[in-house]
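Observations on the model geometry
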Amino acid sequence: MMRKPGLLMPLLLVLPGPALAQDQGDGAARLRELCTERPGLTTAACTVDPGHFQIELGVAEWERNTDGEGRETTLGLAQTQVRYGLAATTELQVGWTAFTWMARKDYGGGVSERSSGIGDVTIGLKQNLRHPQEKANGVAAGLLAYATLPTATNGVGDGDWSAGLIVPLSYKFSDTVAFALSPSIEAATDEDRSGRHLAYGAAAGFQFTIAENLRIAPELELTRDRDPQGSTTMTSAALSLAWRTDDLTQLDFQTTMGLNADTPDVRVGLGISRKF
């Protein structure tokens, strides 16, 4: 999901005033444990406490992809997802990318193309089926239905609407080890930016708490994309770190590597999440 932060949003997330920090410290004891959808390739089954907001901000994400003809580089800034608890096990999600810059350079003729603009908007509804805060050991499960609207400018988005369903699943063995699985299916936008086709796949990985408030997660993802212009299978591996600085705030880092020619070579991102 995507996002729209104000210019001061990163400071508000990290540097609350003393009175606000005290209020949030008192309130944190009454709230569920912070559970974010970033970083990682899998999707968490948890939902945000009813009546509360959670903002997950991708401060910056850089991606490079090469093929036989050239190299494409993408930079996304302020990729923001806002999550709001509608009920005890239901949340609304709205996501948006404030700025995307894309550049492509062809090897043969040296042709360069550049574009930049705002991103598409994604709206989602998540229903938790078991363990809405994923704190207890055992199985957590949910359903996340979403739709992406073609609001991007200058060709940096998909160009048409798409919609999909993710089934977040996880099993918590202990306070230090958990396994996550996220199968998905999507009516994805065609490569020619008009119409839709079937795409499906799954992401899976382990989550290890290696120190107090520090988690590392190795993951794999496989997606089959049946575009009319040619079906592809994308496979990638990721490693992410999440550091919870307090009960309501988390910083994260993730690097993702493509494992075959159909997948972008590398993607690196930094982010921050905070519950209000």
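In the block above lies the structure referred to throughout.
Below you will find a few notes about this structure. Quick caveat: nothing in here was measured; it's all calculated off a predicted structure.

**A look at the state of the cysteines**
In this structure the tally under the stated criterion is one disulfide. Put simply, Cys35 and Cys46 are joined by a disulfide, and their sulfur atoms are 2.2 Å apart. On the sign convention where negative means left-handed, the S-S torsion of about -90 degrees between Cys35 and Cys46 marks this disulfide as left-handed. Of this pair, Cys35 sits in the loop between α2 (18-28) and β1 (53-66) while Cys46 sits in the loop between α2 and β1, placing them eleven residues apart in sequence. Both residues of the pair, Cys35 and Cys46, count as buried.

**Looking at the pairing of strand β8 (residues 169-172)**
Across the two faces of β8 the burial differs, with Ser170 and Lys172 buried and Leu169 and Tyr171 not buried at all. Bridge count for strand β6 (residues 138-149) against β8 is four bridges, and the pairing is antiparallel. Opposite Ala141, over in β8, you have Leu169 as the bridge partner.

**Things to note about a positive patch on the surface**
Taken together, Arg64, Arg71, Lys105 and Arg114 make up a surface patch of like positive charges. Its place among the elements puts Arg114 in strand β4 (residues 112-117).

**Details of the packing of aromatic side chains**
According to the stated counting rule, one finds four aromatic pairs in the structure shown. Plain terms: the ring middles of Phe206 and Phe208 are 5.9 Å apart, the flat faces sit at 15 degrees to each other, and that makes the pair stacked. Overall, the relative accessible area of 36% leaves Phe206 in the partly exposed class. Classification of Phe208 as partly exposed rests on a relative accessible area of 30%. Here a set of aromatic residues connected by ring pairs shows up, and it is made of Phe179, Phe206 and Phe208.

**A word on the side chain of Lys126**
Turning to its location among the elements, Lys126 is positioned in strand β5 (residues 121-130). Take Lys126: its relative accessible area is 0%, and that puts it in the buried class. Reaching out from Lys126, the side chain makes a polar contact with the side chain of Glu37 at a distance of 2.5 Å. Here Ala44 takes part through its backbone oxygen, which lies 2.7 Å from a polar atom of the side chain of Lys126.

The rules behind these values
- Residues numbered from 1 in each chain as written.
- Predicted model: local features only at pLDDT ≥ 70, side-chain atom pairs only at ≥ 80, totals over all residues.
- Heavy atoms only, no water.
- Disulfide = S-S within 2.5 Å.
- Helix = DSSP H or I, 4+ residues; strand = E, 2+ residues; numbered from the N terminus.
- Buried < 20%, exposed > 50% of the residue type's maximum accessible area, 1.4 Å probe, protein only.
- Pairing = 2+ DSSP bridges.
- Patch = residues over 30% accessible without salt bridge, like charges linked within 9 Å, V, L, I, M, F, W, Y side chains within 5 Å.
- Areas by Shrake-Rupley, 256 points an atom, 1.4 Å probe, with all protein chains shown as cover.
- Salt bridge = Lys/Arg side-chain N within 4 Å of Asp/Glu carboxyl O.
- Lys, Arg positive; Asp, Glu negative; His and termini not counted.
- Charge placed at Lys NZ, Arg CZ, Asp CG, Glu CD.
- Phe/Tyr/Trp six-rings, centres within 6.5 Å; stacked < 30°, edge-to-face > 60°.
- Polar contact = N/O pair within 3.5 Å; in protein donor to acceptor, adjacent residues only side chain to side chain.

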